[in-house]
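Working through the structure, step by step
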Amino acid sequence: NEIEAVLSSMLDAVLVVDCDKNILRQNHAAESLLGIRKEDHGRSLEEVVRNSALLKFAEKALAGEEPTAVELAVVRDREKIFQVHGTLLKDGSGRKLGAVFVLNDITGLKKLERIRSEFVANVSHELRTPITAIKGFVETLKESALQDPENARKFLDILESHTNRLNAIIEDLLMLSRLEQSEESGEIALVETPLKSILESALELNRAKAEEKKISLELDAPEELKAKINSQLIEQAVSNLIDNAVKFSEPGKSVRVRAEPREKEIVITVSDFGPGIPREHIPRIFERFYRVDKGRSRKMGGTGLGLAIVKHIVQLHKGRVCVESAEGKGTKFSIYLSVA
Ligand SMILES: Nc1ncnc2c1ncn2[C@@H]1O[C@H](COP(=O)(O)OP(=O)(O)O)[C@@H](O)[C@H]1O
Ligand SMILES: [Mg+2]
């Protein structure tokens, strides 16, 4: 019948019990979620369902007049979080027949919520470090150091570096939020562009730092190679990868940027011969603020957002970014762009 069809096509689990908590009806979703079998029809909920939080909630819903809601965890193959709504079931004359429960899977939502609040906590923490330092040095300058020009100069340099750091974090956060907005709206102009000049300018942005560390930069890309890209963004992504390669490599090493066509794709690689990334960290390095060595990254002016930005830029191009790394040998990042 129609009701049966509606119930069984619902993704939410629906469970109906009478006033004595005997199961009157359950849909497919409820069966697989709570481990109820077809033949459990008519049996008491207490015999069938092991979830004590749900049983307690059922009691409360049957006792009260108002619809109630609760969040509860159900562990079967893996833990899932459900929002459960309970409503009294009444006949036409208002006589209580039992209760209806609807269980709505909010595991994904909960995960997003957690990611969001972790992100806010991380941002606050990252901002607080330079701000605390700035406050401290301003205080010292006001109290005494102004009379001591040599120290004052040193403190001002430190203040400058922390201010730059704050600025870098804010710039990267704004960049990420702009990228996310473009991802949502889907509006980004991709234009057929020669790649080599883009890679050259990405290298140029890192030239001074590389020279300072005596790191040689190499480029290998065919003149005629073109890709449908937003050139500013691809330049930024490649520059972020080169920045890391230069930053983490020992002086005297080289960093290679390469572009080549490969089947229906174009691959841009940035390789270095630096320390590599320990295997256990690789799955997480594209997360915001994730760093193998926080102290070291900060000292070198990193915000921990560079690779997150790369990931978003590549996503906007419907491409993918991969990393291969061997500890002590080096790291290779590859950006794959599809040729339209
Ligand atoms: N080429 C590389 N060699 C070694 N480690 C790297 C390399 N690129 C990235 N990493 C690791 O990934 C982390 C995240 O990179 P990123 O998001 O650019 O942050 P940041 O450069 O600000 O530290 C770095 O802190 C570092 O631990
Ligand atoms: Mg970086």
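A closer look at the overall build of the protein chain
The number of helices and strands found in the protein chain is ten helices and twelve strands. What you see for the protein chain is a C-alpha radius of gyration of 29 Å, clearly larger than the 20 Å of a compact globule of 340 residues, by over 25%. Seen through its principal axes, the protein chain has C-alpha atoms that stretch 85 × 65 × 40 Å. Here the protein chain holds 340 residues, and the buried ones make up 40% of them. Sequence separation of at least 24 residues holds for 59% of the intrachain contacts in the protein chain that already meet a minimum separation of 6. By element, 52% of the accessible surface of the protein chain is carried by carbon and sulfur atoms, the whole surface being about 19700 Å². Between the averaged position of the 51 positive side-chain charges in the protein chain and that of its 54 negative side-chain charges there is a distance of 3 Å.

Examining the sheet that holds strand S9 (residues 254–262)
Taken in spatial order, the five strands make up an open sheet running S7-S9-S10-S12-S11, and their pairing is mixed. Two strands bound the open sheet, and with one partner strand each, they are strand S7 (216–220) and strand S11 (320–326). Within this sheet the neighbouring strands show an average axis-to-axis angle of 15°, counted without direction. As paired strands, S9 and strand S10 (residues 265–272) are joined by eight bridges and run antiparallel to one another. Following the sheet pairing, Arg262 is matched in S10 by Glu265. This element, helix H8 (residues 231–248), spans S7, S9, S10 and strand S12 (330–338) of the sheet and lies at about 25° to S10. Most of the contacts of helix H10 (residues 306–316) go to S11, to which it runs at about 140°, and overall it touches S11 and S12.

So, the sheet that holds strand S3 (residues 68–75)
Taking strand neighbours across the sheet as the criterion, the five strands line up as S2-S1-S5-S4-S3 in an open arrangement whose pairing is antiparallel. Each edge of the open sheet carries a strand with a single partner, namely strand S2 (23–26) and S3. Between one strand axis and the next, the sheet turns by 25° as a mean value, whatever way the strands run. Both strand S1 (residues 13–18) and S2 contribute to a ladder of three bridges, which runs antiparallel. Residue pairing for S2: Val16 is matched across the bridge by Arg25. Where helix H5 (residues 107–143) meets the sheet, its contacts fall on S3, strand S4 (79–90) and strand S5 (96–105), and the angle it forms with S4 comes to roughly 125°.

Observations concerning the packing of H8 against H10
Axis separation between H8 and H10 bottoms out at 9 Å; the angle between their running directions is 150°. For the crossing formed where H8 meets H10, the hand is left-handed. Taken together, the residues of H10 that come into contact with H8 (itself represented by Leu233, Ile234, Gln236, Ala237, Asn240, Leu241 and Asn244) are Gly306, Leu307, Ile309, Val310, Ile313 and Leu316. Its residues assigned to classes, the contact of H8 with H10 comprises nine nonpolar, four polar and no charged.

Examining the site of ligand 1
Taken together, 20 residues lie near ligand 1, and Asn244, Lys247, Asp272, Ser297 and Gly304 sit nearest. Contacts to ligand 1 include Thr303, whose backbone N or O atom sits 2.8 Å from an oxygen atom. The backbone of Leu307 places a nitrogen or oxygen atom 2.8 Å from an oxygen atom of ligand 1. For ligand 1, the protein covers 96% of the area, taking 530 Å² as the surface of the free molecule. Among the elements of the structure, H8, H10 and S12 are those that each provide at least two residues to the shell around ligand 1. Examining the composition of the shell around ligand 1, we find that four residues originate from one element, H8, more than from any other. In terms of residue class, the shell around ligand 1 is built from nine nonpolar, eight polar and three charged.

Description of the domain arrangement of the protein chain
When cut into domains, the protein chain gives domain 1 (2–105), domain 2 (108–185) and domain 3 (188–340). Each of domain 1 and domain 3 has a C-alpha centre, and these two points are 52 Å apart.

A word on the packing of helix H6 (residues 149–185) against H10
At a minimum axis separation of 10 Å, H6 and H10 run at an interaxial angle of 20°. Our classification of the angle between H6 and H10 gives roughly parallel. In this structure, the crossing between H6 and H10 has a hand that is left-handed. Contacts from Asp172, Met175, Leu176, Leu179, Glu180, Ser182 and Glu183 of H6 reach H10 at Ala308, Ile309, His312, Ile313, Gln315 and Leu316.

A short note on the side chain of Ser271
You can see Ser271 is positioned in strand S10. Residue classification places Ser271 among the buried positions, given a relative accessible area of 15%. If near-sequence neighbours (up to four positions away) are discounted, Ser271 is found in contact with Ser254, Val255, Arg256, Thr331 and Lys332.

Calculation rules
Residues numbered from 1 in each chain as written. Chains lettered and ligands numbered in written order. Predicted model: local features only at pLDDT ≥ 70, side-chain atom pairs only at ≥ 80, totals over all residues. Heavy atoms only, no water. Helix = DSSP H or I, 4+ residues; strand = E, 2+ residues; numbered from the N terminus. Rg over C-alpha atoms; globule rule 2.2 N^0.38 Å. Buried < 20%, exposed > 50% of the residue type's maximum accessible area, 1.4 Å probe, protein only. Contact = heavy atoms within 4.5 Å. Areas by Shrake-Rupley, 256 points an atom, 1.4 Å probe, with all protein chains shown as cover. Lys, Arg positive; Asp, Glu negative; His and termini not counted. Charge placed at Lys NZ, Arg CZ, Asp CG, Glu CD. Pairing = 2+ DSSP bridges. Axes fitted to C-alpha atoms, helices over the stretch in contact; angles between N-to-C directions. Left-handed = near helix turned anticlockwise from the far one by under 90°. Nonpolar A, V, L, I, M, F, W, Y, C, P; charged D, E, K, R; others polar. Near = heavy atom within 4 Å. Polar contact = N/O pair within 3.5 Å; in protein donor to acceptor, adjacent residues only side chain to side chain. Domains from an automatic or database assignment. Parallel < 35°, antiparallel > 145°, perpendicular 65-115°, else oblique.

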